[in-house]
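Here is how the chains run, residue by residue.
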Amino acid sequence: MSAQHDYHAIVHWQRAADEVFTDGRYSRGHRWRFDGDLEVPASASPQIVPPPHSVAAAVDPEEAFVAALASCHMLFFLSHAARAGFVCERYEDAAVGTMGRDVDGRIAMLGVRLRPRITWGGSRQPDAAAVARLHERAHHDCFLARSVRCPVVVEAEGAR
């Protein structure tokens, strides 16, 4: 891996012809476009901007933040598990991010809890201590977890 590289995303929003905009009553629905022309519908969170000015079925930045942290952790976990000789059949994380007021009274992501559940296959299965070590290494290596201010905590289930 080179010392530095860039990642790109295109965020596109456009006002509808019948929206005044300056009255604050405009859609927050927009699109994210990534390499390979993947487009994702996005919006403000309905918890922040109530419908109809947000799109509940779209991904909001807060959800994407939590998903990105969970995905980064998972990818490092799978890599470490494979190198340790363990076969991971399934990995599912019901991650949760908590928003609230920080010490300065500003709304911020206060923390993210990763809650992975792993199903193991193969003849060699890790015990709870080995799983904990894999999570510790994944957390230590995750670029995104090292880049955010809020705590990222792993609440993993034991070996199954």
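Here, every reference points to the structure presented above.
Residues numbered from 1 in each chain as written. Predicted model: local features only at pLDDT ≥ 70, side-chain atom pairs only at ≥ 80, totals over all residues. Heavy atoms only, no water.

Section: the sheet that holds strand E8 (residues 152–154)
Here comes step 1: Ordered by their spatial adjacency, 3 strands build an open sheet running E5-E6-E8, and the pairing between neighbours is mixed. The two strands at the open ends of the sheet, each matched to only one other strand, are strand E5 (96–101) and E8. For this sheet the average axis-to-axis angle between neighbouring strands, irrespective of direction, equals 20 degrees.
Here comes step 2: As paired elements, strand E6 (residues 107–114) and E8 share 3 bridges and run parallel to each other. Residue pairing across strands places Leu 114 opposite Val 154, the latter belonging to E8.
Here comes step 3: Relative to E6, helix H1 (residues 61–83) is tilted by about 35 degrees, and along the sheet it contacts E5, E6 and E8. (Pairing = 2+ DSSP bridges. Helix = DSSP H or I, 4+ residues; strand = E, 2+ residues; numbered from the N terminus. Axes fitted to C-alpha atoms, helices over the stretch in contact; angles between N-to-C directions. Contact = heavy atoms within 4.5 Å.)

Notes on the layout of surface pockets
Unfilled space is identified by rolling a water-sized probe across the atoms.
Here comes step 1: Here the largest pocket is characterised by a volume of approximately 540 Å³.
Here comes step 2: In terms of lining residues, the largest pocket is bounded by 16 residues, among which Tyr 7, His 8, Phe 34, Ala 68 and Leu 144 are the most central.
Here comes step 3: Counting residues per element, the ones that place at least two in the lining of the largest pocket are strand E1 (10–12), strand E2 (30–34) and H1.
Here comes step 4: By residue number, the principal contributor to the lining of the largest pocket is H1, which donates 5 residues.
Here comes step 5: Along the lines of polarity and charge, the residues of the lining of the largest pocket split into 12 nonpolar, 2 polar and 2 charged. (1 Å grid on protein atoms, 1.4 Å probe; cavity = no way out; pocket = protein on both sides within 12 Å on 5 of 7 lines; lining within 4 Å. Points joined across faces, edges and corners; volume = space filled by probe spheres on them. Nonpolar A, V, L, I, M, F, W, Y, C, P; charged D, E, K, R; others polar.)

Considering the pattern of salt bridges
Here comes step 1: Per the stated rule, a full pass over the model turns up 4 salt bridges.
Here comes step 2: Close ionic contact of Arg 90 with Glu 92 constitutes a salt bridge, the shortest N to O distance being 2.6 Å.
Here comes step 3: Judged by relative accessible area, which is 42%, Glu 92 ranks as partly exposed.
Here comes step 4: A salt bridge links Arg 113 to Glu 155; the nearest nitrogen and oxygen atoms lie 3.5 Å apart. Taken together, the positions of Arg 113 in strand E6 and Glu 155 in the segment after E8 put the pair 42 residues apart, joining distant regions of the chain.
Here comes step 5: Of the residues examined, Glu 155 reaches a relative accessible area of 36% and is grouped as partly exposed.
Here comes step 6: Salt bridges sharing common partners tie together Arg 31, Arg 33 and Glu 39. (Salt bridge = Lys/Arg side-chain N within 4 Å of Asp/Glu carboxyl O. Buried < 20%, exposed > 50% of the residue type's maximum accessible area, 1.4 Å probe, protein only.)

Everything listed here is a matter of geometry and, on its own, says nothing about what the molecule does.
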